[in-house]
Amino acid sequence: MKAARARTPRRPRKGTNPTQKDPVGVYCRVRPLSRADQECCIEVISGTTVQLHPPEGYRVFRNGEYRETQYSFKEVFGTLVVQKELFDVVAKPLVEDLIRGKNGLLFTYGVTGSGKTHTMTGSPGDGGLLPRCLAMIFNSIGPFQAKRFVFKLDDKNGVDVQTEVEALLERQRREALPTPKTPAGKRQLDPEFADMIDVRERCRAEEVDEDNVYGVFVSYIEIYNNYIYDLLEEAPCDSIKPKWNNCNTPVRNGDFVPPQSKILREDQNHNMYVTGCTEVEVKSTEEAFEVFWRGQKKRRIANTQLNRESSRSHSVFIIKLAQAPLDADGDNVLQEKEQITLSQLSLVDLAGSERTNRTKAEGNRLREAGNINQSLMTLRTCIEVLRENQLYGTNKMVPYRDSKLTHLFKNYFDGEGKVRMIVCVNPKAEDYEESLQVMRFAEMTQEVEVARPLDRPLCGLTPGRRLRNQAGGPVGAEEPSAAELFFQSFPPLPSCELLDINDDQTLPKLIEALEQRHKMRQMLAEEFAKNVLAFKTMLQEFDSSVASKENYIQGKLAEKEKTITGQRTELERLEKKIKTLEYKIEILEKTATIYEEDKRNLQQELESKSQKLQRQASDKRRLEARLQGMVAETSLKWEKECERRVAAKQLEMQNKLWVKDEKLKQLKAIVTEPRAERPERPSREREREKALPRSVSPSPAPSAPVAPLRPRRSRSAGERWVDHRPPSHVPTETLLQPRVPRAITVEAPSERALARCDRYLLTHQELASDGEIQTKLIKGDVFKTRGGGQAVQFTDIETLKQESPTGRKRRSSPPNPDPAGDAVDSEWTDVETRCSVAVEMRAGSALGPGFQHHAQPKRRKP
């Protein structure tokens, strides 16, 4: 009969049943202090809450008080809690789910020296969770276990079920091996762990399907330096012996063969498994724990400053339970692969996180600590990403492949099953900072939800088949053998008792019966000889046919061997290709992680830039509002300034008009005076009557003292001048006129003219204080600038002025002065009193470059 293959419980697709999820169960266990005088930093507040307070020297002061933090768990176990109570609450439900065909994961987490290995394994006289789980399994399924090799695991994380005959042949083949094992009933327990298995506690599951047969398989692996090793593998070396000696150099021993690391694979149901791992079928608690103890001796431990026997690797003890229903008669296992279930319970003892500055690790210990911390950090990262995806609805990639530990248990978090974690803490003050980080991780883990495992489908057969078959079995005497039936076919012997000496019937009857029997015997012998001859002929024919068939089979086997060899070569090629693809996948996942990180950084940078732009826009708006206010204020200020200047200009023009009016009055008075008293000066009077335009030529320096124009000699006879005379220049009728030798006369200075000359002369005309026109000759030197242009530096001013020889102040009055108007006009008859003319340099003036002309009335002296 063909063997049937079982399937492990399939995980549901994402999104099929989002409501059927349970959070990860997180429990806390506080170990007792090693010494009574040690300072304690953890206090159990209630059955679900612990409180951490900083010890002396670590307290974080805030407003004069140190900060205390509280953390809640599903349940907290204090220092006085025994192992059985912890097992009943945490591990017993997982074993019940295992028997029901559901997967489970239990792992211990904490810093080094916090009691993780003690919680999982236990101590002599006080077994931990692992031996108690094994005892409960065999107490529950002990009477319903299948015989050895009825269930047979394959190399693809599945199980095959064999018939009773195939299992018997397999057992005989195993018993014929040169190293037979002691039967389980006669096994002598190792005194090292005999006290850890308490046979008095008969803990068993309540709901066990009696119509099923069960098989238990165990395996034990460790994850050391991010490599997976099989602790049950029979290796020809001392597993305790390190790969490097004390000098950190490889051991030069030809007999030493380092253990080979194993590879993680994913089966067709997306469950992760270790290829090539040794899986042992066990039939009792003692046998299972002996297998565990054999692997425990190979586990890597070392002595550190914080722990005398510190685990240097993560250990995973896997219990697989295969179960299949009986057929309708209750005799044999049902040979239907859809009805076979393989469930798994993983018990994980994580290595403790540690700080090298406290453990003083170096060499191999330092490298081991780095790999341990890295794997635990990857576990924390995966939990954080899972929590973020579930809380905020994101779809970030969980970095399971960054560590073998997280990659092995990927199907528990992405698939289905029940996950529970025991946080072990040491309350001593030296572990405060590490314990704080462990508490934060545990609090975050409680927010992650895992899909609830589905119930196993019913097989559809009538329950109670096993008990009914046992009750209706054959009862009575044994069946007669073939020899007995053969002798019964002979005729019965008559009575051989002689009652009388003359009895002549008994012996003849006996002789007749014996003769019949003899004849029958001869007939049977002849028939037997014929049958023997026929059988020999048949045997010869059968031998010839067998020989021919053997030859044919040998040819076929040779062909099959070639095919198998080709398939093995193809398998090896495919395995290499798979390894290459897995390596590429890891690289791509790491690249994707880097890209995700870059994306997050760029998004954060974009957000910061956007916030910066928003701040700049708001600052710009505020600046614009401020500038608008300043513009409005400045506009108002300049409007007032313009009004003031217009008023000043109006006052100046009024003063000029008053000056002109006074001049007209004086002119009128002169004209009306007798000619004898005042000689006529026609030329001067005509000049006074003319409207003298005011020069707009710039005056670069303040007014110089009035001096008569006298000729001055040039400093160099070879110098050339630029004679700048503005278009508004008014010719005067004075005898002295400015004469410039070797001059180029221009109305506006140009770069070409300045480049050809050495000196510069500006003719400037303005109105003097007495109303006469005075001419100023402003001289300067021309020199070249660094930029290739020309610049003028003024050095001297010569003034040409015409004035009256009398030099006295005159008053003019009409012949018939008006008393009323005389008082008003008399205030303006004195020119010096009436106004004064000043020249002031003012940048940006419209009257000339660098000058502004204005008149201001002068106060009369009292």
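How each quantity is defined
- Residues numbered from 1 in each chain as written.
- Predicted model: local features only at pLDDT ≥ 70, side-chain atom pairs only at ≥ 80, totals over all residues.
- Heavy atoms only, no water.
- Axes fitted to C-alpha atoms, helices over the stretch in contact; angles between N-to-C directions.
- Helix = DSSP H or I, 4+ residues; strand = E, 2+ residues; numbered from the N terminus.
- Left-handed = near helix turned anticlockwise from the far one by under 90°.
- Contact = heavy atoms within 4.5 Å.
- Nonpolar A, V, L, I, M, F, W, Y, C, P; charged D, E, K, R; others polar.
- Buried < 20%, exposed > 50% of the residue type's maximum accessible area, 1.4 Å probe, protein only.
- Phe/Tyr/Trp six-rings, centres within 6.5 Å; stacked < 30°, edge-to-face > 60°.
- Pairing = 2+ DSSP bridges.
- Expected span 1.5 Å × (residues − 1).
- Arc of directions from axis to C-beta.
- pLDDT = per-residue confidence, 0-100.
- Salt bridge = Lys/Arg side-chain N within 4 Å of Asp/Glu carboxyl O.
- 1 Å grid on protein atoms, 1.4 Å probe; cavity = no way out; pocket = protein on both sides within 12 Å on 5 of 7 lines; lining within 4 Å.
- Points joined across faces, edges and corners; volume = space filled by probe spheres on them.
- Disulfide = S-S within 2.5 Å.
- Parallel < 35°, antiparallel > 145°, perpendicular 65-115°, else oblique.
- Polar contact = N/O pair within 3.5 Å; in protein donor to acceptor, adjacent residues only side chain to side chain.

Overview of the packing of helix α7 (residues 364-392) against helix α10 (residues 432-445)
Relative orientation of the contacting elements α7 and α10 amounts to 35 degrees, with a least axis distance of 10 Å. Note that α7 runs across α10; the crossing there is left-handed. Listed contacts from α10 to Leu379, Arg380, Ile383, Glu384 and Arg387 of α7 are Gln437, Arg440, Phe441, Met444 and Thr445. By residue class, the composition of the contact of α7 with α10 is four nonpolar, two polar and four charged.

Some points on unusual backbone geometry
Despite not being glycine, Asn225 shows a phi value in the positive range, around 55 degrees. Among the structural elements, Asn225 can be located in the loop between β15 (212-224) and β16 (227-230). Residues other than glycine seldom take positive phi values, yet His270 does so here, at roughly 65 degrees. Examined against the element boundaries, His270 turns out to sit in the loop between β17 (264-266) and β18 (272-274). The exposure class assigned to His270 is partly exposed, which follows from its relative accessible area of 37%.

Considerations on the packing of aromatic side chains
One pass over the full model with this rule turns up nine aromatic pairs. Seen in terms of ring centroids, Tyr109 and Phe441 are 4.7 Å apart; in terms of plane orientation they differ by 45 degrees. Their pairing is tilted. Of this pair, Tyr109 sits in strand β10 (residues 104-109) while Phe441 sits in helix α10, and the two are 332 residues apart along the sequence. Linked through ring pairs, Tyr220, Phe289, Phe292, Trp293 and Phe317 together constitute an aromatic cluster.

What to know about the sheet that holds strand β30 (residues 790-801)
If you walk across this open sheet you meet the five strands as β27-β26-β28-β29-β30, and the pairing is mixed. Looking at strand neighbours, the two that pair on one side only are β27 (743-746) and β30, the edges of this open sheet. Taking each pair of neighbouring strands and ignoring which way they run, the sheet shows an average axis angle of 25 degrees. The pairing of strand β29 (residues 773-784) with β30 spans eleven bridges and is classified as antiparallel. Within the sheet, the bridge partner assigned to Val782 lies in β30 and is Val792.

Regarding the sheet that holds strand β4 (residues 42-44)
The three strands lie next to each other as β4-β5-β8, forming an open sheet whose pairing is antiparallel. Whereas interior strands pair on both sides, the edge strands pair on one side only; in this sheet they are β4 and β8 (69-72). Neighbour to neighbour, the strand axes of the sheet diverge by 25 degrees on average, direction disregarded. As defined by bridge partners, β4 adjoins strand β5 (residues 49-52) across three bridges and the pair is classed as antiparallel. Within β5, the residue paired with Ile42 across the bridge is Leu52.

As for helix α3 (residues 129-141)
With 13 residues, α3 ought to run about 18 Å at 1.5 Å a step, and its terminal C-alpha atoms sit 19 Å apart, in line with that. In terms of burial, α3 is a largely internal element, 13 of the 13 residues being buried.

Focus on helix α4 (residues 164-175)
In a regular helix each residue adds 1.5 Å, so twelve residues correspond to 16 Å; α4 covers 16 Å between its end C-alpha atoms and thus fits that length. Among the residues of α4, those classed as buried are Ala167, Glu170 and Arg171. Buried residues along α4 cover an arc of 100 degrees about the axis, so they all sit on one side. Away from its buried face by more than 90 degrees, α4 exposes Val165 and Leu169.

With respect to the confidence of the model for the protein chain
When pLDDT is averaged across the protein chain, the result is 77; 73% of the residues are at 70 or more. Confidence scores differ between elements of the protein chain, with strand β31 (residues 836-841) showing the lowest mean pLDDT of 36 and strand β3 (residues 25-30) the highest of 95. Segment residues 676-685: pLDDT under 50, and eleven contacts once partners within four positions in sequence are set aside and those in other chains are kept. Of the regions scoring below 50 in pLDDT, residues 808-815 engages in eleven contacts with residues more than four places distant in sequence or in other chains.

Brief notes about the pattern of salt bridges
Scanning the entire structure with this criterion turns up 34 salt bridges. In this structure, the salt-bridge partner of Arg299 is Asp349, at a minimum N-O distance of 3.0 Å. In this pair, Arg299 is assigned in the loop between α5 (285-296) and β20 (301-302) and Asp349 in strand β23 (residues 341-349), connecting sequence segments 50 residues apart. By relative accessible area, which is 4% here, Arg299 ends up buried. Of the charged contacts, one joins Glu597 and Arg600 as a salt bridge, the two residues approaching to 2.5 Å between their closest N and O atoms. Placement of the pair is Glu597 and Arg600 together in helix α13 (residues 506-672), with a separation of three residues, close to one helical turn. The class of Arg600 is partly exposed, set by a relative accessible area of 28%. One network of salt bridges, with partners in common, ties together Glu96, Asp97, Arg100, Glu207 and Lys418.

Quick notes on empty space enclosed by the protein
Tallying each qualifying case throughout the model produces five cavities of 30 Å³ or more. Along the wall of the largest cavity there are 13 residues; nearest its centre are Phe107, Leu379, Leu405, Phe409 and Phe413. For the lining of the largest cavity, the elements supplying multiple residues, two or more each, are β10, α7 and α8 (404-408). Per element, the largest residue contribution to the lining of the largest cavity is four residues, and it comes from α7. For the lining of the largest cavity, the residue count by class is twelve nonpolar, one polar and no charged.

Let's talk about the state of the cysteines
Under the counting rule described, the total for this entry stands at zero disulfides. Between Cys424, a cysteine without a disulfide, and Cys28, which holds the nearest cysteine sulfur, the sulfur-to-sulfur distance is 8.1 Å.

Some thoughts on the packing of α3 against α5
How two helices sit against one another is set out by the angle between their axes and by the gap between those axes. At a minimum axis separation of 9 Å, α3 and α5 run at an interaxial angle of 150 degrees. On the basis of their axis angle, the class for α3 and α5 is roughly antiparallel. The crossing of α3 and α5 is right-handed. Mapping the contact onto sequence places Leu130, Pro131, Leu134, Ala135 and Phe138 in α3 and Thr285, Ala288, Phe289 and Phe292 in α5. Each residue belonging to the contact of α3 with α5 can be placed in one class, and the counts come to eight nonpolar, one polar and no charged.

Focus on the environment of Gln765
Mapped onto the elements, Gln765 comes out in strand β28 (residues 759-767). In this structure Gln765 comes out as buried when scored by relative accessible area, which is 5%. With 40 residues separating them along the chain, Gln765 and Arg725 place their C-alpha atoms 9.9 Å apart. Here the side chain of Gln765 touches Val730 through a polar contact of 2.6 Å, landing on its backbone oxygen.

Here we look at the pairing of β23
Most of β23 is tucked away: nine of the nine residues are buried. Sheet analysis places β10 next to β23, joined by five bridges and oriented parallel. Bridge pairing in β23 places Leu106 opposite Leu347. Of the strand pairs in this sheet, strand β22 (residues 314-325) and β23 are connected by nine bridges, and their pairing is antiparallel. Bridging from a neighbouring strand, Gln323 pairs with Thr341 of β23.

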